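Report on the structure
What follows is each chain in one-letter form.
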Amino acid sequence: MAEPNETTRLGMLTPSSNSVLEPATAHLLAGCAQVSAHFSRFRVTQIGLSQAALGQFDPEPILMAAELLADARVAAILWNGTSGAWLGFDADERLRDAIEDRTGCLASTAALAFRDLFRARGYRRIGLVTPYTGDVQRQIQANWEAAGLDCAAERHCGLSENFAFATVGPEAIAQMVRAVAAEGVDAVAIVCTNLAGAALAPALEAELGVPVLDSVAVTLWKGLDLAGCTHADLAARGRVFAEARP
């Protein structure tokens, strides 16, 4: 007789043009046999403040993708994208509630996960690293500052094509992290799930002495919390998975 499958399944909603978050999540979960990640896509190709770009995040396509994940009986569904950073935390709160209502699964988002982590660990001065254009960056700063976060230390790449974010190399990401850390921050937030920062975080944390919080890792951290899973097996993957305040 086959043994029951006790794996905890996490559902991740993924931008269609994102090529980073799936392999990054797999890397983070390597060796953590009791948790698996499953993905459902909806179309996102450009990041900006135009009506066309903002319209990519209308709820219905996202909710349809969430329903497909629910068929896999996942323990939680996460919007593994950072649109709530510029649309506002209230937009992601509404999306979270709609996903839960539609699917019956616990839900959250990357932006809400960042806010939850900042509050849990008392981080207020945040070094903001993104691939985005200046207007999107300023909108994130304004939204986060309204939530009590100081994001004056920032670096961004000036890109708008979502696919292109994945082409930003590790040294360019590391240089941005080092630059904001040098301004004196409680933590660095790499805000974009298509920017390959997760694998860089442990070495940069050791070098700089501050937490380096990548969006994919932070979203996984929240998913594990929602599913009632421990973070202990992921401790080597970065301080985001520390159980106590650093």
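What this report covers is the structure whose coordinates are included nearby. (Residues numbered from 1 in each chain as written. Predicted model: local features only at pLDDT ≥ 70, side-chain atom pairs only at ≥ 80, totals over all residues. Heavy atoms only, no water.)

Once that is clear, we can look at the pairing of strand S1 (residues 8–15). Burial runs high along S1: 7 of the 8 residues are buried. Here 8 bridges tie S1 to strand S2 (residues 35–42), and the two strands are oriented parallel to one another. Looking at the pairing, glycine 11 lines up with histidine 38 of S2. Crossover S1 to S2 through helix H1 (residues 21–29) is right-handed. (Buried < 20%, exposed > 50% of the residue type's maximum accessible area, 1.4 Å probe, protein only. Helix = DSSP H or I, 4+ residues; strand = E, 2+ residues; numbered from the N terminus. Pairing = 2+ DSSP bridges. Right-handed = clockwise from strand over helix to strand, strands pointing away.)

A word on the packing of aromatic side chains. Inspection of every chain in the model, using the stated rule, returns 9 aromatic pairs. Measuring from ring centre to ring centre gives 5.0 Å for phenylalanine 42 and tryptophan 79, while their planes differ by 50°; the resulting arrangement is tilted. Pair noted here: phenylalanine 42 is in strand S2 and tryptophan 79 is in strand S3 (residues 76–79), with a separation of 37 residues, a long-range link. The same class applies to phenylalanine 42 as to tryptophan 79, namely buried. Put simply, the rings of Phe42, Phe57, Trp79, Trp86, Tyr132 and Phe165 touch in pairs and so form one group of aromatic residues. Lying over the aromatic face of phenylalanine 89, arginine 115 brings its terminal NZ or CZ to 4.9 Å of the ring centre. (Phe/Tyr/Trp six-rings, centres within 6.5 Å; stacked < 30°, edge-to-face > 60°. Lys NZ or Arg CZ within 6 Å of the ring centre and 35° of its normal.)

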